[in-house]
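Letter by letter, the chains look like this.
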Amino acid sequence: MTQIALNDLKDQMYTKSLFTTIKVCSRSFYPLKRQTPLRTILAHNSFAMTQLHFETNTVTLFDQNRAVLQHLKPPQIKDVQLGLFYANIALKPLHFASKRYLFSLIFTLTSGQQLHLLSDELTAFPFVITWLKENQIALIDQLELQKNYHPYRTFSFSQFLLLSQGTKYAQMITLPEN
């Protein structure tokens, strides 16, 4: 089961998954389908969230107060695993549970540590892929998302089940955790 850090991000950044917003070369992204952004839901519940910024040849991870948690150059990144989780989120201010896909990025660093980041900003997907390729970072794409997924096309739940079958992405992320 994927464990998620909702507070004390600095202390848990290598042991639990972190929710993040994404910027690629100063471009911001948003969730699809007019969903309440995860950042709004987490803020309403006093939970913390990171910000991941991809610039020309650096990646910087900030905490909720914009303090730098991690600053990486491409040679420090061994590989990045791409993934997609299905999530059921039932937190205020939502009046009913919201089911949505979460884009998953697992950075494996040359130090051996891993950063696991989750975002509902699926429109960032092609831009992140382009940045990783331009910086010659190895991609691990177990779900073959590069050829099977585009954020602006319809992606059905049955397609997701077929792609994720037998992988760690087949589990559902639930907030709040039971």
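I will try to describe carefully the structure that is included in this document. (Residues numbered from 1 in each chain as written. Predicted model: local features only at pLDDT ≥ 70, side-chain atom pairs only at ≥ 80, totals over all residues. Heavy atoms only, no water.)

1. What to know about the pattern of salt bridges
Applying the stated criterion across every chain, the model contains three salt bridges. Note that Arg39 is salt-bridged to Glu121, the shortest N-O span being 2.8 Å. Here the residue Arg39 occupies a position in helix H2 (residues 38-44), and Glu121 occupies one in the loop between strand S9 (114-119) and helix H3 (125-134), the gap between them amounting to 82 residues. In this structure, Arg100 engages Asp120 in a salt bridge whose closest nitrogen and oxygen atoms are separated by 3.0 Å. Linking Arg100 in strand S8 (residues 98-109) with Asp120 in the loop between S9 and H3, this pair joins segments that are 20 residues apart in sequence. The two residues Arg100 and Asp120 agree in class, both being buried. (Salt bridge = Lys/Arg side-chain N within 4 Å of Asp/Glu carboxyl O. Helix = DSSP H or I, 4+ residues; strand = E, 2+ residues; numbered from the N terminus. Buried < 20%, exposed > 50% of the residue type's maximum accessible area, 1.4 Å probe, protein only.)

2. Things to note about the nonpolar core
If you look at the biggest cluster of nonpolar residues, it comprises 56 residues, and the most contacted ones within it are Phe19, Phe54, Leu105, Phe107 and Val128. Here this core gets eight residues from one element, more than from any other, and that element is strand S7 (residues 77-89). (Core = buried A, V, L, I, M, F, W, Y, C linked by side-chain atoms within 4.5 Å.)

3. With respect to the pairing of strand S2 (residues 17-24)
Counting buried residues in S2 gives seven out of eight residues, a clear majority hidden from the surface. In this structure, strand S1 (residues 4-5) lies alongside S2, joined through two bridges in parallel fashion. Residue Ile4 lies in a different strand from S2, and its bridge partner there is Ser17. When S2 meets strand S4 (residues 50-55), the two strands line up parallel, connected through five bridges. Its bridge partner lying in S4, Thr21 is registered against Gln51. Here S2 pairs with strand S3 (residues 27-28) via two bridges, running antiparallel. Across the sheet, Lys23 pairs through a bridge with Ser28, a residue of S3. Adjacent in sequence and paired antiparallel, S2 and S3 are bridged by two residues, among which Cys25 carries a positive phi angle near 50°. (Pairing = 2+ DSSP bridges.)

4. Section: the side chain of Ser119
Here Ser119 is to be found in strand S9. A relative accessible area of 1% places Ser119 in the buried class. Within the local environment of Ser119, its side chain forms a polar contact with the backbone nitrogen of Glu121, the two atoms lying 3.0 Å apart. Apart from residues lying up to four places away in sequence, Ser119 is in contact with Thr20, Ile22, Tyr101, Leu102 and Phe103. (Polar contact = N/O pair within 3.5 Å; in protein donor to acceptor, adjacent residues only side chain to side chain. Contact = heavy atoms within 4.5 Å.)

5. Digging into the pairing of S8
Within S8, eleven of the twelve residues are buried, which leaves the element mostly enclosed by the surrounding structure. Sheet topology note: the S7/S8 ladder contains twelve bridges and is antiparallel. In the sheet register, Ala87 faces S8, and the bridge partner there is Arg100. Of the strand pairs in this sheet, S8 and S9 are connected by six bridges, and their pairing is antiparallel. Within S9, the position partnered with Leu105 by the bridge is Leu117.

6. Details of H3
Along H3, the residues that are buried comprise Phe125, Val128, Ile129, Trp131 and Leu132. Buried positions in H3, seen along its axis, are confined to an arc of 160° and lie on one side of it. Turned more than 90 degrees away from the buried face of H3 sit Lys133 and Glu134, all of them exposed. Of the residues one or two after H3, Gln136 is the one with positive phi, at around 55°. (Arc of directions from axis to C-beta.)

Bear in mind that shape data such as this cannot, by itself, settle questions of function.
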